[in-house]
2 protein chains.
Amino acid sequence: MAPTIEFWFEFASTYSYPAAARVEDAARRAGVGVTWRPFLLGPIFGHQGWNDSPFNIYPVKGRYMWRDLERICARLEVPFRRPSQFPRNGLLAARVACSNATEPWLPAFVRGVYRANFAEDRDIAQAATVSDVLDALGLPAAEVLERAQSPAAKQRLREQTDEAIRRGIFGAPTFVVGDELFWGNDRLEDALAWSRT
Amino acid sequence: MAPTIEFWFEFASTYSYPAAARVEDAARRAGVGVTWRPFLLGPIFGHQGWNDSPFNIYPVKGRYMWRDLERICARLEVPFRRPSQFPRNGLLAARVACSNATEPWLPAFVRGVYRANFAEDRDIAQAATVSDVLDALGLPAAEVLERAQSPAAKQRLREQTDEAIRRGIFGAPTFVVGDELFWGNDRLEDALAWSRT
């Protein structure tokens, strides 16, 4: 069986954007599979007493992050424009991703939502934005969105977020190999190497 | 003139340990010089409302960090034992480092203090520990420690910490190239690459 990493991501998370852009290619080159695991950081940050992104709560860290993200995207040749609102609410997009996690179009959908948020400055909280991303992939947007808002789909995302908490995930992106966590876009290569040992 | 990076570190900082262990060799291989810049995180964390390490304040993050540090040290073949007390007070060692920052023995001293803290579980806040590190390098420990506690030496470290704050440093290790910050042990390679552009 080919080695696999789990890619835990949240649509509001800045460093998840370059990670989502490169995880599929990097894993393919390493001969490693990827399981896409969307979750929500809100409840996790809430546990830590934060009701906002730590990049807003700690502005010095936030200033660094935006510059760092700009550099990283430039190097990856991934388009980047600092969003006029941060963080944006990724709940709807996460529900879509969670209930379609094994669909072949999922990685392209995830990248499309990140691009809308971090390159096109669009509000991913709006159904119209998520719908446009689905449309661009030739998918039946209305139907996908309806299913993503069913009680079962909502429950699935809640359970996945609970699983993240249970497994010790505290930020995004996090790559997981068995019980080993690798936190941060810059740790993807370490996770891939670990999965092959 | 050869490119140079600044290596900003704090003796209590866990990820500064592997960074200090590898920065000199990595920079030499890249043809880049290193300026060693000790500073104190305490005043910076104080500004953020923390009176302890964030790894203690946020235990889930702390648990991850200890495991991650163990993995990193194993890969670098750097000895590691989780200290029985964390964080330890690196004030005295930082004063020594700050007032001897350009001495040829400085890198070995810095590595010795980190090893005492993170491999030998010794209390680096104690003059006896810092003294042993100096002794092992064949240095006049009593004299070095006395100078390090002079008003001028204390002032020098305060100024260096103020400079860290002014330049937007919020954690350790931080590598600096001009105005560009690279935060974290795992960003050393990025800083080296940046310094050569």
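Note that the structure is predicted; figures quoted are calculated from it, not measured.

Visitor: What am I meant to see in helix α6 (residues 106–118) of chain A here?
Guide: Note on helix geometry: an α-helix contains 3.6 residues per turn, so any two residues three or four positions apart are oriented the same way. All names here are of chain A. For α6, built from 13 residues, the straight-helix expectation of 18 Å at 1.5 Å per residue is met to within 8% by its first-to-last C-alpha distance of 18 Å. Of all the positions in α6, only Leu106, Pro107, Phe109, Val110, Gly112, Val113, Tyr114, Ala116, Asn117 and Phe118 are classed as buried. Contact partners of the buried residues in α6: β1 (4–9), α1 (16–30), β2 (33–38), α4 (59–76), α5 (91–99) and α7 (127–136).

Visitor: Just to check I follow, could you spell out the packing of aromatic side chains for this structure?
Guide: Working definition: an aromatic ring pair is given by the centre-to-centre distance plus the angle between the planes. Throughout the structure, instances matching the rule amount to 46 aromatic pairs over all chains. Judged by centre distance (6.4 Å) and plane angle (80 degrees), the ring pair of tryptophan 50 of chain B and tyrosine 58 of chain B falls under edge-to-face. Side by side, tryptophan 50 of chain B and tyrosine 58 of chain B carry an identical accessibility label, which is buried. Pairwise contacts between aromatic rings join Phe7, Phe9, Phe11, Tyr17, Trp36, Trp105, Phe109, Tyr114, Phe118 and Phe175 of chain A into one cluster.

Visitor: I keep staring at the interface of chain B and chain A and nothing clicks. Help me out?
Guide: Interface extent is often summarised as the accessible area lost during association of the parts. Each side of the interface is counted separately: chain B has 21 residues, and chain A has 21 residues. Both faces considered, chain B and chain A share a buried interface measuring about 2200 Å² in area, 53% of it formed by carbon and sulfur atoms. Joining chain B to chain A, the criterion identifies eight salt bridges. Linking arginine 67 of chain B and glutamate 180 of chain A is a salt bridge whose minimum nitrogen-to-oxygen distance equals 2.7 Å. Counting across the interface, chain B meets chain A through 15 residue pairs in polar contact (both at pLDDT 80 or more). Looking at the side of chain B that touches chain A, the element that brings in the most residues is helix α4 (residues 59–76) of chain B, giving eight residues. Tallied by class, residues from the side of chain B that touches chain A come to 10 nonpolar, two polar and nine charged.

Visitor: Can you help me understand the packing of helix α1 (residues 16–30) of chain B against helix α6 (residues 106–118) of chain B in this one?
Guide: Between two packed helices, the angle of one axis relative to the other and the distance separating the axes together describe the packing. Residues and elements named next belong to chain B. Between α1 and α6, whose axes approach to 9 Å, the crossing angle comes to 150 degrees. Classed by the angle they form, the pair α1 and α6 counts as roughly antiparallel. Viewed along their axes, α1 and α6 form a crossing whose handedness is left-handed. The segment α1 lies against α6, with Ser16, Tyr17, Ala20, Ala21 and Glu24 engaging Pro107, Val110, Arg111, Tyr114, Arg115 and Phe118. Partitioned by chemical class, the residues of the contact of α1 with α6 number seven nonpolar, one polar and three charged.

Visitor: Explain the sheet that holds strand β2 (residues 33–38) of chain B here, please?
Guide: Backbone-to-backbone hydrogen bonds pair the strands of a sheet. The strands run either parallel or antiparallel. All names here are of chain B. The strand order β2-β1-β3-β4 describes an open sheet built from four strands, whose pairing is mixed. Because the sheet does not close on itself, it has two edges, and the strands there are β2 and β4 (180–183). In this sheet, neighbouring strand axes are inclined to one another by 25 degrees on average, regardless of whether the strands run parallel or antiparallel. Alignment of strand β3 (residues 174–177) against β4, held across four bridges, turns out to be antiparallel. Its bridge partner being in β4, valine 176 is matched across the sheet by leucine 181. Its contacts with the sheet place α6 against β1 (4–9) and β2, and it is angled at close to 50 degrees to β2.

Visitor: Honestly, helix α10 (residues 188–195) of chain B in this entry has me stumped. Any pointers?
Guide: Those residues of α10 of chain B that sit buried are Leu188, Asp190, Ala191, Leu192 and Ser195 of chain B. Residues of α10 of chain B that are buried sit in contact with α4 of chain A together with β1, α1, β3 and β4 of chain B.

Visitor: What exactly am I supposed to notice about the pattern of salt bridges here?
Guide: Side-chain pairs of opposite charge can arise where the charged atoms are in close proximity. All names here are of chain B. Summed over all chains, the structure comprises 34 salt bridges over all chains. For the salt bridge of glutamate 24 with arginine 111, the shortest nitrogen-to-oxygen distance reads 3.0 Å. Placement of glutamate 24 in helix α1 and of arginine 111 in helix α6 is noted, with a sequence separation of 87 residues between them. Here arginine 111 falls in the partly exposed class, since its relative accessible area comes to 24%.

Visitor: Explain the pairing of β3 of chain B to me, please; I cannot follow it from the model alone.
Guide: A regular strand carries its side chains on alternate faces of the sheet. All names here are of chain B. A two-sided burial pattern is seen for β3, the buried positions comprising Thr174 and Val176 on one face and Phe175 and Val177 on the other. As judged from the three bridges shared by β1 and β3, these two strands associate in the antiparallel manner. Paired with glutamate 6 across the strands is valine 176, a residue of β3. The antiparallel pairing of β3 with β4 creates a hairpin that spans two residues between the two strands, and glycine 178 there sits at a positive phi of about 60 degrees.

Visitor: Is there a simple way to think about the relation of the copies chain B and chain A in this case?
Guide: Between the two copies of this chain, the relationship is a rotation about some axis together with a displacement along it. Rotating chain B by 180 degrees and moving it 0.0 Å along the rotation axis overlays it on chain A with an RMSD of 0.0 Å. Accordingly, the operation relating the two chain copies is best matched by a two-fold axis. The rotation axis passes nearest to the C-alpha of aspartate 186 of chain B in chain B, at a distance of 3.6 Å. Of the residues that chain B buries at the interface, 100% are likewise interface residues in chain A, meaning the two copies contact each other through the same surface.

Visitor: Whenever I open this one, the environment of alanine 152 of chain A confuses me. Can you help?
Guide: Topologically, alanine 152 of chain A is positioned in helix α9 (residues 151–166). Along the primary structure alanine 152 of chain A and leucine 192 of chain A are separated by 40 residues, whereas in three dimensions their C-alpha atoms are 32 Å apart.

Criteria and thresholds
Residues numbered from 1 in each chain as written. Chains lettered and ligands numbered in written order. Predicted model: local features only at pLDDT ≥ 70, side-chain atom pairs only at ≥ 80, totals over all residues. Heavy atoms only, no water. Helix = DSSP H or I, 4+ residues; strand = E, 2+ residues; numbered from the N terminus. Expected span 1.5 Å × (residues − 1). Buried < 20%, exposed > 50% of the residue type's maximum accessible area, 1.4 Å probe, protein only. Contact = heavy atoms within 4.5 Å. Phe/Tyr/Trp six-rings, centres within 6.5 Å; stacked < 30°, edge-to-face > 60°. Buried area = accessible area lost by both parts, 1.4 Å probe. Salt bridge = Lys/Arg side-chain N within 4 Å of Asp/Glu carboxyl O. Polar contact = N/O pair within 3.5 Å; in protein donor to acceptor, adjacent residues only side chain to side chain. Nonpolar A, V, L, I, M, F, W, Y, C, P; charged D, E, K, R; others polar. Axes fitted to C-alpha atoms, helices over the stretch in contact; angles between N-to-C directions. Parallel < 35°, antiparallel > 145°, perpendicular 65-115°, else oblique. Left-handed = near helix turned anticlockwise from the far one by under 90°. Pairing = 2+ DSSP bridges. Least-squares fit on C-alpha atoms with pLDDT ≥ 70 in both.

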